[in-house]
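# A look at the structure
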Amino acid sequence: MGARKLNLALQGGGAHGAFTWGVLDRLLEEPKLQFEGVSGASAGAMNAVMLASGLQQGGHAGARELLTRFWHEVSLHALPELPKGLPAAGIGESMADWMQMLSYYLSPYDLNPLDINPLRSLVERMVDFEQLQAASPIRLFIAATDVQTGKLRLFRETEISADHLLASACLPTLHKAIEIDGRNYWDGGFSGNPAIYPLIFDCASDDVLVILLQPLMRVGTPVSASAIRERVAEFGFQSTYLREMRAISYMQFEIRKTPFSLGAFERRVRRLRLHQIESDELLASLDRASKYDTRLHFLEALRDRGRAQADRWLEQNGHCIGRSSSCDLGLFL
């Protein structure tokens, strides 16, 4: 069997993006699996750029190495443990819980007036953006949200810089908006988490694999104040993906019913094959504060879960690449 091509759509989710690191690490072990385009928001954008830069530096092995280096470097900036004696009852037991609590009352313009972001120096050290702009091995679609309009903005590989990457991962409760060409941007997850349509209309490959960090379905109804806040936050970051997938699913079902000759647009949508790797039970059980937990043992645990989930997907659905969708589109209608 020859090379199999995939487009990837990578969801954001802070430190939970280490799960996607694991998925990519496993996929990169498949020598005949190649990537054409990658769409990403927030942590998904970070993984996308590290994948592209690593592929450029050294193929599949280079991508695995750069992704590993990136997440190990991220762990060096982990929040410290909660000091002993600091009251935690009703708040949480980690510094991440405290940071989340403070963000309810103070903005980054108060807490971080100099807008210090260790991710900036990290990505600038690890990625040669000029080289990536000149000859990226894959197409990139990096999502950011225009603060003034709320519209999705997709930055391409030919323009990508550290600013564009930080804009995609700019949580407004932690960092000041990133200004690019006179416009201010926040996290891409608000408007496209991840964006699917550029992989359909700007790429030739018919297979799109979506890697999710949030479960599509929760059992039961949250009743505590914290659980309600968690679910509301999930709705905010999942709604754009669900709407886009509903539209794609509806178009496919309607196009397949028509007896008439199809135009280029309809043929493209009809050929589309969708695949999905969802978060496992551990990732689904974690609360929102854990997205700020960048301790190495936690990141590596998520990586291992991602690798295992990708391994199961390849075993069960790898044969579908190039043949048929492995994702039940009826779930989105």
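This is a predicted model, so every value here is computed, not measured.

One way to put it is that helix α1 (residues 17-27) packs onto helix α12 (residues 296-317) with a least axis distance of 6 Å and a crossing angle of 45°. In terms of orientation, α1 lies oblique with respect to α12. α12 is crossed by α1, and the crossing has right-handed handedness. Contacts between α1 and α12 involve Ala18, Phe19, Trp21, Gly22, Val23, Asp25, Arg26 and Leu27 from the first element and Leu299, Glu300, Leu302, Arg303, Arg305, Gly306, Arg307, Gln309, Ala310, Asp311 and Leu314 from the second.

So, about a nonpolar patch on the surface. Nonpolar side chains collect at one region of the surface, where Tyr197, Phe201 and Phe265 lie side by side and expose about 290 Å² of accessible area between them. If you trace the backbone, Phe265 turns up in helix α10 (residues 264-271). Taking the relative accessible area as the measure of exposure, Phe265 reaches 41% and is therefore partly exposed.

Attention now goes to the side chain of Ser191. With respect to the secondary-structure elements, Ser191 resides in the loop between β6 (183-187) and α8 (197-201). Within polar-contact distance, the side chain of Ser191 engages the side chain of Thr145 at 2.7 Å. What Ser191 contacts, discounting residues up to four positions off in sequence, is Ala144, Thr145, Gly150, Lys151, Leu152 and Thr240.

Structurally, the position occupied by Glu254 is in helix α9 (residues 225-257). Given the relative accessible area of 33%, Glu254 is considered partly exposed. In the structure, Glu254 is positioned 16 residues away from Arg270 in sequence and 9.5 Å away in space, judged by C-alpha atoms.

Attention now moves to helix α2 (residues 43-75). Here α2 spans only 14 Å end to end across 33 residues, well under the 48 Å set by a 1.5 Å rise per residue. Along α2, the largest kink reaches about 135° and is centred on Gly58.

If you look at the biggest cluster of nonpolar residues, it comprises 61 residues, and the most contacted ones within it are Leu8, Val49, Phe70 and Leu140. Looking at which element gives the most residues to this core, the answer is α2, with 14 residues. Those residues in contact with Val49 that sit more than four places away from it in its chain are Val127, Phe129, Leu132, Leu140, Ile142, Ile160 and Leu165. Formed by 21 residues, the second largest nonpolar core is a distinct cluster that contains Ala9, Ile196, Leu212 and Phe332.

Turning our eyes to something else, we now look at the environment of Leu27. Tracing the chain through its elements places Leu27 in helix α1. For Leu27, a relative accessible area of 0% translates into the label buried.

Next up on the list: the pairing of β6. Consecutive residues of a regular strand have side chains that alternate between opposite faces of the sheet. Relative to β6, strand β3 (residues 139-146) runs antiparallel, the two sharing three bridges. Pairing of Ala144 across the sheet is with Asp187, part of β6. Turn length for the strand β5 (residues 178-180)-β6 hairpin, with the two strands adjacent in sequence and antiparallel, is two residues, and the turn residue Asp181 shows positive phi of about 50°.

Our next topic: the confidence of the model for the chain. Residues with a pLDDT of 70 or more make up 87% of the chain, whose mean pLDDT is 88. Taken as a whole, residues 82-92 scores under 50 in pLDDT and shows 15 contacts with residues more than four places along the chain or in a different chain.

Under the criterion given, the structure shown has 23 salt bridges. Between Arg26 and Glu30 there is a salt bridge, with its nearest N and O atoms 2.9 Å apart. Relative accessible area serves as the criterion here: at 12%, Arg26 is assigned to the buried category. You can call Glu30 partly exposed: its relative accessible area is 21%. Several salt bridges share partner residues, and in doing so they unite Asp25, Arg26, Glu29, Glu30, Arg64, Arg307 and Asp311 into one network.

Let's shift gears to the packing of aromatic side chains. Counted under the stated rule, the structure contains six aromatic pairs. Here Tyr241 and Phe332 contribute two aromatic rings whose centre-to-centre distance is 6.1 Å and whose plane-to-plane angle is 90°, an arrangement assigned as edge-to-face. Highlighted residues: Tyr241 in helix α9 and Phe332 in the segment after α12, separated in sequence by 91 residues. Accessibility classification places Tyr241 together with Phe332 in one group, the buried group.

This next bit is on the pairing of strand β2 (residues 33-41). Of all nine residues in β2, eight are buried; the element is thus mostly enclosed. Examined bridge by bridge, strand β1 (residues 4-10) and β2 share six bridges and lie parallel to one another. Bridging across to β2, Leu8 finds its partner in Val38. Across five bridges, β2 lies against β3 in parallel orientation.

Procedures and definitions
- Residues numbered from 1 in each chain as written.
- Predicted model: local features only at pLDDT ≥ 70, side-chain atom pairs only at ≥ 80, totals over all residues.
- Heavy atoms only, no water.
- Axes fitted to C-alpha atoms, helices over the stretch in contact; angles between N-to-C directions.
- Helix = DSSP H or I, 4+ residues; strand = E, 2+ residues; numbered from the N terminus.
- Parallel < 35°, antiparallel > 145°, perpendicular 65-115°, else oblique.
- Left-handed = near helix turned anticlockwise from the far one by under 90°.
- Contact = heavy atoms within 4.5 Å.
- Patch = residues over 30% accessible without salt bridge, like charges linked within 9 Å, V, L, I, M, F, W, Y side chains within 5 Å.
- Areas by Shrake-Rupley, 256 points an atom, 1.4 Å probe, with all protein chains shown as cover.
- Salt bridge = Lys/Arg side-chain N within 4 Å of Asp/Glu carboxyl O.
- Buried < 20%, exposed > 50% of the residue type's maximum accessible area, 1.4 Å probe, protein only.
- Polar contact = N/O pair within 3.5 Å; in protein donor to acceptor, adjacent residues only side chain to side chain.
- Expected span 1.5 Å × (residues − 1).
- Bend = angle between axes of the 7 residues up to and from the residue.
- Core = buried A, V, L, I, M, F, W, Y, C linked by side-chain atoms within 4.5 Å.
- Pairing = 2+ DSSP bridges.
- pLDDT = per-residue confidence, 0-100.
- Phe/Tyr/Trp six-rings, centres within 6.5 Å; stacked < 30°, edge-to-face > 60°.

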